[in-house]
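# Descriptive analysis of the structure
Spelled out, the chains give:
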Amino acid sequence: MGTGKSVAGELAAQKLGLQFIDSDNEIERHAGQKISAIFEESGEPAFREMEKEFIRDGHPRFGCLVSCGGGLPVQEGMLDALKERGLVVALWANPETIFERTKDNPTRPLLQVPDPLSKIAELLEAREGAYLAADKVISTEQRSPKTVSELIARFYEENRASSSDR
């Protein structure tokens, strides 16, 4: 969260001529409610199950760039499921940067705690192994969404042949 994956992903998809799909937006559309409401009414486990269902059945197998929520690849078997469908790029930022980018956004349910910066650091520490196991990790520190999108597109173009084997 707060790494710019939605904005940079959409820009990269446009550059590559791919359909852009944001998993959180699709889950909200399918559920008929915002992610924060899903967390509040059904809890995080229900939302995580919706994420898994989205990856299994919720988008085309080809011709798309999917922006997934940061908790999705950490779930049992999901990083492998993502890699089976194509290249996986993780966008990275430091906890302080993520905090600055998200502090005024009340729609992030995991950050509605007394100390959101500590929560961000805790989440990144718990998720770091999965993120580092992506096909590519791109830092978004002091980079514009346009620059990040160009790095994503370049990586895709250089590696798309190997991703078609998946």
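Scroll up to find the structure.
Residues numbered from 1 in each chain as written. Predicted model: local features only at pLDDT ≥ 70, side-chain atom pairs only at ≥ 80, totals over all residues. Heavy atoms only, no water.

Moving on to the packing of aromatic side chains. Under the criterion given, the structure shown has 2 aromatic pairs. Ring geometry for F39 and F47: centres 5.2 Å apart, planes at 40°, overall tilted. For the pair F39 and F47, one class covers both residues: buried. Where W92 meets Y131, the ring centres are 6.2 Å apart and the plane angle is 80°; that geometry is what we call edge-to-face. Taken as a pair, W92 in strand β3 (residues 89–92) and Y131 in helix α7 (residues 116–132) lie far apart in primary sequence, 39 residues in all. (Phe/Tyr/Trp six-rings, centres within 6.5 Å; stacked < 30°, edge-to-face > 60°. Buried < 20%, exposed > 50% of the residue type's maximum accessible area, 1.4 Å probe, protein only. Helix = DSSP H or I, 4+ residues; strand = E, 2+ residues; numbered from the N terminus.)

Another aspect to go through is a positive patch on the surface. A cluster of basic side chains, namely K15, K136, R143 and R154, defines a positive patch on the protein surface. Here K136 lies in strand β4 (residues 136–139). According to the relative accessible area criterion, K136 is partly exposed, its value standing at 35%. (Patch = residues over 30% accessible without salt bridge, like charges linked within 9 Å, V, L, I, M, F, W, Y side chains within 5 Å. Areas by Shrake-Rupley, 256 points an atom, 1.4 Å probe, with all protein chains shown as cover. Salt bridge = Lys/Arg side-chain N within 4 Å of Asp/Glu carboxyl O. Lys, Arg positive; Asp, Glu negative; His and termini not counted. Charge placed at Lys NZ, Arg CZ, Asp CG, Glu CD.)

Under the defined criterion, the tally for this structure stands at 9 salt bridges. For the salt bridge of R48 with E44, the shortest nitrogen-to-oxygen distance reads 3.0 Å. Note that R48 and E44 are positioned in helix α4 (residues 44–57) at a spacing of 4 residues, about one turn of the helix. We classify E44 as partly exposed; its relative accessible area is 32%. Taken together, the salt bridges that share partners define one network made up of E44, R48 and E51.

Relative to the elements of secondary structure, A81 occurs in helix α5 (residues 78–85). By relative accessible area, which is 14% here, A81 ends up buried. Separated by 73 residues in sequence, A81 and R154 place their C-alpha atoms 23 Å apart.

Bringing the layout of surface pockets into the picture now. Estimated volume of the largest pocket: approximately 1100 Å³. Surrounding the largest pocket, 47 residues form its lining, L65, V66, L87, V88 and V89 being those nearest its centre. The set of elements that each furnish at least two residues to the lining of the largest pocket consists of α1 (5–16), β2 (64–67), α5, β3, α7 and α8 (145–163). The element contributing the most residues to the lining of the largest pocket is α7, with 6 residues. Looking at the lining of the largest pocket residue by residue, the classes come out as 30 nonpolar, 10 polar and 7 charged. One number sums up the size of the second largest pocket: a volume of about 660 Å³. Surrounding the second largest pocket, 32 residues form its lining, M1, K5, D24, T107 and R108 being those nearest its centre. Looking at the lining of the second largest pocket, the elements that each hand over two or more residues are α1, α2 (23–31), α3 (35–42), α4 and α6 (95–102). With 4 residues, α2 is the largest single contributor of residues to the lining of the second largest pocket. (1 Å grid on protein atoms, 1.4 Å probe; cavity = no way out; pocket = protein on both sides within 12 Å on 5 of 7 lines; lining within 4 Å. Points joined across faces, edges and corners; volume = space filled by probe spheres on them. Nonpolar A, V, L, I, M, F, W, Y, C, P; charged D, E, K, R; others polar.)

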